[in-house]
Protein chains: 4
Amino acid sequence: MTIEFDNNLPIYIQIMNYIKGEIVTGKLKPGDKIPSVRELASDLQINPNTVQRTFQELERETIVETRRGMGRYVTSEEGRIMTIKKEMAKDVLDRFIRGMRELGFQGEDIVAAVAESVGHEDAEKGDV
Amino acid sequence: MTIEFDNNLPIYIQIMNYIKGEIVTGKLKPGDKIPSVRELASDLQINPNTVQRTFQELERETIVETRRGMGRYVTSEEGRIMTIKKEMAKDVLDRFIRGMRELGFQGEDIVAAVAESVGHEDAEKGDV
Amino acid sequence: MTIEFDNNLPIYIQIMNYIKGEIVTGKLKPGDKIPSVRELASDLQINPNTVQRTFQELERETIVETRRGMGRYVTSEEGRIMTIKKEMAKDVLDRFIRGMRELGFQGEDIVAAVAESVGHEDAEKGDV
Amino acid sequence: MTIEFDNNLPIYIQIMNYIKGEIVTGKLKPGDKIPSVRELASDLQINPNTVQRTFQELERETIVETRRGMGRYVTSEEGRIMTIKKEMAKDVLDRFIRGMRELGFQGEDIVAAVAESVGHEDAEKGDV
DNA sequence: GTGGTCTAGACCACC
DNA sequence: GTGGTCTAGACCACA
């Protein structure tokens with residue numbers, strides 16, 4: 001497991017997003033055990049406190065739950081996971097549309113740009 | 001003039017984006033005069049240092065130029081403006097596609113989601 | 001037998017409190033046999049080590065005594081039980097009064113709030 | 001400003017409670033500036049990270065708000081403060097009543113015990 | 001073994 | 001000056 005860190009976003013947020021992605025796409029299933037703080041920290045070559053912070057935030061969002069002395073687990077409430085997915089998608093989408101509008105793009109232009117871009121990347125394949 | 005500030009992004013970046021938006025959409029045209037630091041700072045109720053920083057960055061990107069003793073002006077090179085617009089659009093778009101892919105959405109799903117979202121917002125209100 | 005565990009307090013403390021409650025209210029009488037570690041652990045779905053720890057602490061407080069090869073029993077000294085009850089009540093009460101004072105409540109307000117709250121709960125349901 | 005720390009509760013929680021108390025009792029008013037991380041840390045002789053943690057939690061509860069580079073302030077929404085006060089009082093009260101019931105005390109006994117205890121402390125004065 | 005907290009100290013971005 | 005993040009390393013309680 002590796003994550004390419006982007007310097008502009010706190011590491012703990014990037015790990016959060018990564019883990020949320022794993023859950024939302026079903027790679028981590030409800031009830032699955034999550035790597036321990038120490039394990040993940042050594043995997044990612046970062047400080048355990050940073051991982052701790054990540055998990056603390058995930059727990060606050062009720063995506064993850066702690067069983068004392070036994071580790072952390074993906075929430076077993078599937079509904080919660082669906083909600084998270086929708087929230088994240090809405091967030092990404094809204095941010096995008098607002099960005100495009102600020103640049104002067106209108107409805108159809110935006111859709112067209114996306115369609116074209118999606119096409120390109122499918123053709124190229126590669127950096128997904 | 002008001003901007004809703006997002007706590008997660010530096011204010012000076014948000015003002016930069018706002019001004020770039022004004023330029024790119026033609027509300028500020030090549031060669032137009034830009035408000036002074038003091039004026040903008042008092043308009044937006046923020047620290048003049050922050051506005052200063054904004055302009056400094058805009059100058060570094062050669063979107064704005066200073067004429068000594070006469071204030072700051074939008075660059076008169078229209079090509080530069082087009083370039084900026086393309087860069088910004090590509091950035092917004094790429095970030096979006098990457099985000100959706102991380103959530104498990106595939107090509108056509110993404111286009112569909114955008115189309116639907118654009119429809120909604122057009123129906124609700126028309127503030128571009 | 002079920003206990004709703006509160007995540008902020010060690011489980012063994014919560015079980016201790018539960019058992020002390022049973023003793024102090026007379027549901028477990030002086031000299032009564034107490035369930036074995038294994039039995040209680042499987043009842044409560046927790047680690048036997050945790051139950052062991054509970055009993056160990058109860059013994060330290062001389063509320064429970066071990067008879068070799070025969071299991072554990074509630075102390076037969078009734079005076080000890082009364083003492084425990086008083087200590088626990090004083091503790092709960094002091095903590096409460098201190099808490100209310102920190103919130104700016106004065107003497108009579110506190111009594112009134114308790115009176116009202118007790119009334120409510122009696123009306124709603126009767127699970128003591 | 002001094003706080004006597006209790007070893008059984010995390011320091012950052014104790015500071016949270018202390019500050020909430022100050023706000024709820026009106027010693028810190030809506031919009032008031034809160035001491036900086038470094039200042040409070042040196043006052044209380046604890047690590048700045050611990051204070052940071054305190055403020056982070058208070059911010060999550062929207063009791064406190066950060067103005068970038070300018071420090072932290074008590075929320076100016078008075079309604080929020082009233083809500084907090086009620087929540088805290090309810091919490092303290094419920095915990096108390098539950099505790100007393102577990103010890104076998106019934107409605108009127110509880111009220112009486114409180115009335116007596118409040119009387120005592122008023123008479124003694126002192127360790128409040 | 002697990003997570004939770006705390007200290008010490010550093011660096012950075014922002015205002 | 002302010003807060004935000006990260007590292008390093010320690011200690012403790014819990015299961």
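The structure we're discussing is the one just above.
Residue indices begin from 1 for each chain and proceed along its sequence in written order. Written order determines the labels here, with chains lettered from A and ligands numbered from 1. Totals for whole chains, interfaces and linings use all residues, but because this is a predicted model, local features are given only for residues with pLDDT of at least 70 and pairs of side-chain atoms are given and counted only at 80 or more. Only hydrogens and water are set aside; all other atoms, that is, all heavy atoms of the structure, feed into the side-chain values.

A. Representation of the sheet that holds strand β2 (residues 64–67) of chain B. Residues and elements named next belong to chain B. DSSP calls a pair of strands paired once it identifies at least 2 bridges connecting them. For the purposes of this entry, the term helix denotes a DSSP run of H or I that reaches at least four residues, the term strand denotes a run of E that reaches at least two, and both are numbered from the N terminus. Read across the sheet, 3 strands follow the order β1-β3-β2 without closing on themselves; strand pairing throughout is antiparallel. Only two strands of the sheet have a single partner each, and these edge strands are β1 (33–34) and β2. Pairing of β2 with strand β3 (residues 71–74), which is carried by 4 bridges, proceeds in the antiparallel orientation. By the bridge assignment, R67 is partnered in β3 with G71.

B. Quick peek at the sheet that holds strand β2 (residues 64–67) of chain A. All names here are of chain A. Ordered in space as β1-β3-β2, the 3 strands form an open sheet in which the pairing is antiparallel. Each edge of the open sheet is held by one strand with a lone partner, namely β1 (33–34) and β2. Where β1 meets strand β3 (residues 71–74), 2 bridges bridge the pair, whose relative direction is antiparallel. Among the inter-strand pairings, I34 is bridged to a residue of β3, identified as R72.

C. Highlighting the packing of helix α3 (residues 48–60) of chain A against helix α3 (residues 48–60) of chain D. Lines fitted to the C-alpha atoms define the axes, with helices restricted to the stretch that makes contact. Angles between their N-to-C directions range from 0 to 180 degrees. One way to put it is that α3 of chain A packs onto α3 of chain D with a least axis distance of 14 Å and a crossing angle of 20°. The angle between α3 of chain A and α3 of chain D places the two elements in the roughly parallel class. As for the relative orientation of α3 of chain A and α3 of chain D, their crossing is right-handed in sense. Taking contact as the criterion, the partners of R53, Q56, E57 and R60 of chain A in α3 of chain A are, on α3 of chain D, R53, Q56, E57 and R60 of chain D. Gly is put with the polar residues, along with every residue not named as nonpolar or charged; the nonpolar set is Ala, Val, Leu, Ile, Met, Phe, Trp, Tyr, Cys and Pro, and the charged set is Asp, Glu, Lys and Arg. Here the contact of α3 of chain A with α3 of chain D is composed, by residue class, of no nonpolar, 2 polar and 6 charged. For classification purposes, angles smaller than 35 degrees are called roughly parallel, those larger than 145 roughly antiparallel, those between 65 and 115 roughly perpendicular, and all remaining angles oblique. Left-handed is the label given to a crossing in which the near helix is rotated counterclockwise from the far helix by less than a right angle, and right-handed is the label when the rotation is clockwise. Working rule for contacts: check all heavy atoms of both residues, and any pair within 4.5 Å makes them a contact.

D. Quick look at the protein's contact with DNA strand F. Only heavy atoms are used to decide nearness, and a residue is near a molecule or strand if one of them lies within 4 Å of it. By nearness alone, 26 residues border DNA strand F, and I11 and N49 of chain A, P10 of chain C together with Q52 and R72 of chain D come closest of all. Note that a phosphate oxygen of DNA strand F is positioned 2.5 Å from one of the side-chain N or O atoms of Q52 of chain D. Of the residues contributing to the surface near DNA strand F, the split by class is 9 nonpolar, 12 polar and 5 charged. Here a polar contact means two N or O atoms within 3.5 Å. Within protein one must be a hydrogen donor candidate and the other an acceptor candidate, and residues neighboring in sequence count only if both atoms are side-chain atoms.

E. Fine view of the interface of chain B and chain A. Counting from both sides, the interface comprises 30 residues of chain B and, opposite them, 31 residues of chain A. Summing both partners gives a buried area of about 2,700 Å² for chain B against chain A, and 75% of it is carried by carbon and sulfur. Seen at the junction of chain B and chain A, the total is 0 residue pairs in polar contact (both at pLDDT 80 or more). For the side of chain B that touches chain A, the secondary structure elements donating two or more residues are α1 (11–24), α4 (78–102) and α5 (107–124) of chain B. No other element matches the 12 residues that α4 of chain B contributes to the side of chain B that touches chain A. Here the side of chain B that touches chain A is composed, by residue class, of 17 nonpolar, 6 polar and 7 charged. The buried area of a pairing is the accessible area, by a 1.4 Å probe, that goes missing from both parts when the two are put together, added over both.

F. Representation of the protein's contact with DNA strand E. Near DNA strand E lie 26 residues; those nearest to it are Q52 and R72 of chain A, P10 of chain B together with I11 and N49 of chain D. Near-protein atoms of DNA strand E (within 4 Å) split between backbone and bases, with sugar and phosphate holding 67%. The contact in question runs from a base nitrogen of DNA strand E to an N or O atom on the side chain of N49 of chain A, over 3.4 Å. In the environment of DNA strand E, a phosphate oxygen lies 3.3 Å from a nitrogen or oxygen atom belonging to the side chain of Y12 of chain D. For the surface near DNA strand E, the secondary-structure elements that each account for two or more residues are α2 (37–44), α3 and β3 of chain A, α1 and α3 (48–60) of chain B together with α1 (11–24) and α3 of chain D. Here the residues of the surface near DNA strand E sort into 9 nonpolar, 12 polar and 5 charged.

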